[in-house]
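Coordinate inspection notes
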Amino acid sequence: MIFSLINHDFKYELEKVCRLFLPFEKFEFVDYEVCTGNYVLTQIKSDTDKTCLKTAVSADGRYIEKQRETASDVDKREYELIMAQLLYLCLCELTGFQVEWGILTGVRPARLLSNICGEMGKQKGLEFFKTQLFVSDAKAKLCQTCLEHEQEIISRSRGNSFSLYISIPFCPSRCSYCSFVSHSVAAAKKLIPEYVELLCEEIRQTAAIAYDCGLQLQTVYIGGGTPTILEADQLERIMKEIAYNFDLSRVEEYTVEAGRPDTITDKKLIVIRENAATRISINPQTMNDRVLKAIGRGHNSEQTQQAFKMARDLGFNNINMDLIAGLSTDTYESFKGSVDKLIELQPESITVHTLSLKRASNLMKQALFYGIEQGATAAKMQEYSRIRLSEAGLVPYYMYRQGKTVGNLENVGYARPGFEGIYNVYIMDETHTILACGASAVTKLRQPNGDKIERIFNYKYPYEYISGFDEMIRRKKKIKTFYEKYHK
């Protein structure tokens with residue numbers, strides 16, 4: 001599709017607005033007017049007294065145009081906002097679909113709302129959010145609620161606080177929707193013993209650096225992949241290494257993703273419970289067996305309930321469960337059933353994600369505006385989960401968004417008061433330093449009492465992690481260099 005940018009340089013923001021409706025379209029950007037075929041036209045014309053801003057979209061034989069006049073001496077940022085508004089309105093009218101987050105495309109809407117309210121005041125900020133950015137009343141309220149809970153959690157962090165992330169990038173099989181760096185255990189099982197060995201060494205090295213920098217551990221998160229794909233003794237070795245090398249006495253939260261129910265055994269749960277973990281996550285993604293089969297999960301809903309009961313019987317009193325809205329073959333009715341079944345289990349928290357579309361998928365690629373109908377259904381799913389989980393006493397405490405999600409929707413964590421996933425807030429807000437170990441892990445260094453962020457990347461794949469381990473450990477020395485700059 002041709003994308004005309006005439007007399008302005010707002011390409012980045014306007015392309016993002018278009019991708020709310022055309023997530024995978026290939027755009028050819030030009031600086032002249034196009035009048036045939038499928039195209040997007042964005043144009044600014046100015047004279048001494050006024051400026052005319054115009055957007056138009058021609059697609060599938062339909063044409064929608066919007067214009068607005070304004071003074072010629074306004075701030076350039078206002079022109080950009082008006083152009084984004086006009087283009088959004090064109091696309092809404094053309095598709096008959098209204099995105100509930102309006103023209104917002106960022107990962108952290110709560111942070112944006114906080115900044116806007118800081119400049120304008122709470123009431124005016126909320127009005128701007130809804131009237132100028134076109135955020136729906138329901139999403140604005142959700143954003144405000146999450147912001148209040150996030151701010152309380154963020155306030156607990158101190159200048160020397162940090163979190164520890166441990167990556168176990170192996171799974172029983174690869175789910176059809178997955179975009180994480182993870183490997184099926186069938187293909188990578190032979191790598192696991194050496195991976196565990198080197199991971200323990202990286203944990204030791206990282207702990208020594210954290211001690212030298214005077215950092216205080218606040219949360220631990222073992223994720224993946226599926227950490228419980230490891231044998232019980234391998235999982236125990238990693239957790240004992242953490243306990244021996246880090247001071248866990250002040251840790252507020254220690255999470256292990258038990259993840260796939262078909263990997264959970266009583267031995268593994270006992271290892272997790274006896275090695276300082278305070279929270280686990282059992283993630284069915286759906287409680288509908290037909291949908292589970294369609295997405296490539298190797299378990300059924302009965303195994304999820306059995307795994308949950310096993311964890312409860314072994315004394316786990318802080319369990320999170322995940323669902324995904326918009327999965328292939330899932331319907332609004334079956335999603336409602338999944339939400340209701342999890343509520344019956346009474347976990348302490350439930351995280352509701354929205355499916356992130358993948359360019360490689362072959363789902364309805366023939367449609368220009370792919371995902372519109374699917375997005376409308378996913379929006380209903382998210383709204384149902386918000387209402388039902390709130391009725392069940394779970395409060396939305398954190399939220400983030402990803403690119404190319406169905407319906408441009410959000411991921412939300414709901415929890416009973418006192419059971420919020422603290423690490424989730426810290427990692428998404430970039431509140432403090434995250435020291436990360438394992439393949440595909442990314443260390444994020446946050447300036448103490450400041451905003452500067454630096455990243456140190458580990459190798460992505462387990463075989464790279466193993467072969468390049470010495471180089472990766474050398475990179476870790478940048479942690480001390482970073483903190484030395486601020487401790488002079």
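It should be noted that the structure appears before, not after, this text.
Everything numeric here is computed off the predicted structure, so don't read it as measured data. (Residues numbered from 1 in each chain as written. Predicted model: local features only at pLDDT ≥ 70, side-chain atom pairs only at ≥ 80, totals over all residues. Heavy atoms only, no water.)

Brief notes about the packing of helix 7 (residues 192-212) against helix 16 (residues 469-476)
Put simply, helix 7 and helix 16 touch, their axes get as near as 11 Å, and they point 15° apart. Relative to helix 16, the element helix 7 is oriented roughly parallel. Read as a crossing pair, helix 7 and helix 16 show a hand that is right-handed. The residues of helix 16 that touch helix 7, namely those facing Leu198, Glu201, Glu202, Gln205, Thr206 and Ile209, are Phe469, Met472, Ile473 and Lys476. Of the residues assigned to the contact of helix 7 with helix 16, the class counts are 5 nonpolar, 2 polar and 3 charged. (Axes fitted to C-alpha atoms, helices over the stretch in contact; angles between N-to-C directions. Helix = DSSP H or I, 4+ residues; strand = E, 2+ residues; numbered from the N terminus. Parallel < 35°, antiparallel > 145°, perpendicular 65-115°, else oblique. Left-handed = near helix turned anticlockwise from the far one by under 90°. Contact = heavy atoms within 4.5 Å. Nonpolar A, V, L, I, M, F, W, Y, C, P; charged D, E, K, R; others polar.)

Notes on the pairing of strand 17 (residues 442-446)
Sheet faces and side chains relate simply in a regular strand, where the side chains alternate between the two faces. Taken across its 5 residues, strand 17 has 4 buried, putting it largely inside the fold. Where strand 17 lies against strand 18 (residues 453-457), 5 bridges are found, and the strand directions are antiparallel. Paired with Thr443 across the strands is Ile456, a residue of strand 18. Here strand 17 folds back onto strand 18, and the loop between the two strands holds 6 residues, one of which, Asn449, carries a positive phi near 60°. (Buried < 20%, exposed > 50% of the residue type's maximum accessible area, 1.4 Å probe, protein only. Pairing = 2+ DSSP bridges.)

Brief notes about the packing of aromatic side chains
Enumeration according to the criterion identifies 18 aromatic pairs in this entry. Considering the side-chain rings of Phe27 and Phe29, the 6.1 Å spacing of their centres and the 55° angle between planes classify their relative orientation as tilted. Exposure remark for Phe29: the relative accessible area of 28% places this residue in the partly exposed category. An angle of 80° between the planes, with centres 5.3 Å apart, marks the rings of Phe482 and Tyr483 as edge-to-face. Across the pair, Tyr483 and Phe482 agree in class, each one buried. Members of the aromatic cluster, each reached through a chain of ring pairs, are Phe170, Tyr195, Tyr465 and Phe469. The aromatic ring of Phe29 is capped on one face by Lys11, whose charged end is 4.3 Å from the ring centroid. Cation over ring: Lys380 sits above Tyr332, and NZ or CZ is 4.3 Å from the ring centre. (Phe/Tyr/Trp six-rings, centres within 6.5 Å; stacked < 30°, edge-to-face > 60°. Lys NZ or Arg CZ within 6 Å of the ring centre and 35° of its normal.)

Here we look at the sheet that holds strand 2 (residues 28-30)
Strand pairing in a sheet takes place through backbone hydrogen bonds and is either antiparallel or parallel in direction. Taken together, the 5 strands give an open sheet; going across it, the order is 2-1-3-4-5, and neighbouring strands pair in mixed fashion. The open sheet terminates on both sides in strands that have one partner only, identified here as strand 2 and strand 5 (62-71). Taken over all neighbouring pairs, the strand axes of this sheet differ in orientation by 15° on average, direction set aside. Where strand 3 (residues 39-46) and strand 4 (residues 50-59) come together, 8 bridges link them in antiparallel fashion. Paired with Tyr39 across the two strands is Ser58, which belongs to strand 4. Strands strand 1 (2-6), strand 2 and strand 3 of the sheet are contacted by helix 1 (residues 11-19), whose axis makes an angle of about 145° with strand 1. Packing of helix 2 (residues 76-95) onto the sheet brings it into contact with strand 1, strand 3, strand 4 and strand 5, and relative to strand 5 it is tilted by some 155°.

Some details on the layout of surface pockets
Estimates place the volume of the second largest pocket at around 760 Å³. Every residue lining the second largest pocket is counted, 24 residues in all, and those nearest its centre are Leu81, Leu112, Ile116, Phe128 and Leu133. Only helix 1, helix 2 and helix 3 (109-120) provide two or more residues apiece to the lining of the second largest pocket. A total of 6 residues in the lining of the second largest pocket trace back to one element, the largest contributor, which is helix 3. Residue composition of the lining of the second largest pocket, by class: 12 nonpolar, 3 polar and 9 charged. (1 Å grid on protein atoms, 1.4 Å probe; cavity = no way out; pocket = protein on both sides within 12 Å on 5 of 7 lines; lining within 4 Å. Points joined across faces, edges and corners; volume = space filled by probe spheres on them.)

Points about the packing of helix 7 against helix 8 (residues 232-245)
One way to put it is that helix 7 packs onto helix 8 with a least axis distance of 9 Å and a crossing angle of 10°. Here helix 7 lies roughly parallel to helix 8, going by the angle between them. Contact with helix 7, carried on its side by Ile192, Pro193, Val196, Glu197, Leu199, Cys200, Ile203, Arg204 and Ala207, involves Gln234, Arg237, Ile238, Glu241, Ile242 and Asn245 of helix 8 and no other residues of that element. Counted by class, the contact of helix 7 with helix 8 contains 9 nonpolar, 2 polar and 4 charged residues.

Details of unusual backbone geometry
Cis geometry marks the peptide bond from Gly224 to Gly225; its omega dihedral reads 10°. By secondary structure assignment, the location of Gly225 is in the loop between strand 9 (216-224) and helix 8. Phi at Gln285 takes a positive value of approximately 70°, unusual for a residue other than glycine. Here Gln285 is to be found in strand 11 (residues 279-285). Even without glycine at this site, Gln346 takes up a positive phi of about 65°. Tracing the chain through its elements places Gln346 in the loop between helix 12 (332-345) and strand 13 (349-354). A relative accessible area of 48% means that Gln346 is categorised as partly exposed.

Section: helix 7
Count 3.6 residues to each turn of an α-helix, and residues three or four apart come out pointing the same way. Taking 1.5 Å of rise per residue, the 21 residues of helix 7 would be expected to cover 30 Å, and the 30 Å separating its terminal C-alpha atoms lies within 8% of that figure. Inspection of helix 7 places Ile192, Tyr195, Val196, Leu198, Leu199, Cys200, Glu202, Ile203, Thr206, Ala207, Ile209 and Ala210 among the buried residues, and these make up the whole buried set. Directly beyond the C-terminal end of helix 7, a positive phi value near 70° is found at Gly214. (Expected span 1.5 Å × (residues − 1).)

Notes on the pattern of salt bridges
With the rule as written, the count across this model stands at 35 salt bridges. In this structure, Lys76 engages Asp9 in a salt bridge whose closest nitrogen and oxygen atoms are separated by 3.0 Å. Of the two residues, Lys76 sits in helix 2 while Asp9 sits in the loop between strand 1 and helix 1, which places them 67 residues apart along the sequence. Take Lys76: its relative accessible area is 46%, and that puts it in the partly exposed class. For Arg77, the salt bridge identified is with Asp75, shortest N-O distance 3.2 Å. Through salt bridges with shared partners, one network takes in Arg108, Glu430, Lys444 and Arg455. (Salt bridge = Lys/Arg side-chain N within 4 Å of Asp/Glu carboxyl O.)

Regarding the nonpolar core
Membership of the largest hydrophobic core comes to 126 residues, with the highest contact counts inside it found for Phe21, Phe129, Ile166 and Ile238. With 11 residues, the single largest contributor to this core is helix 2. Ignoring any residue separated from it by four or fewer positions in sequence, one finds Phe129 in contact with Trp101, Leu104, Pro109, Leu112, Leu113, Ile116, Phe134, Val135, Ala140 and Cys143. Tyr398, Ile422, Val425 and Ala436 belong to the second largest nonpolar core, which has 16 residues in total. (Core = buried A, V, L, I, M, F, W, Y, C linked by side-chain atoms within 4.5 Å.)

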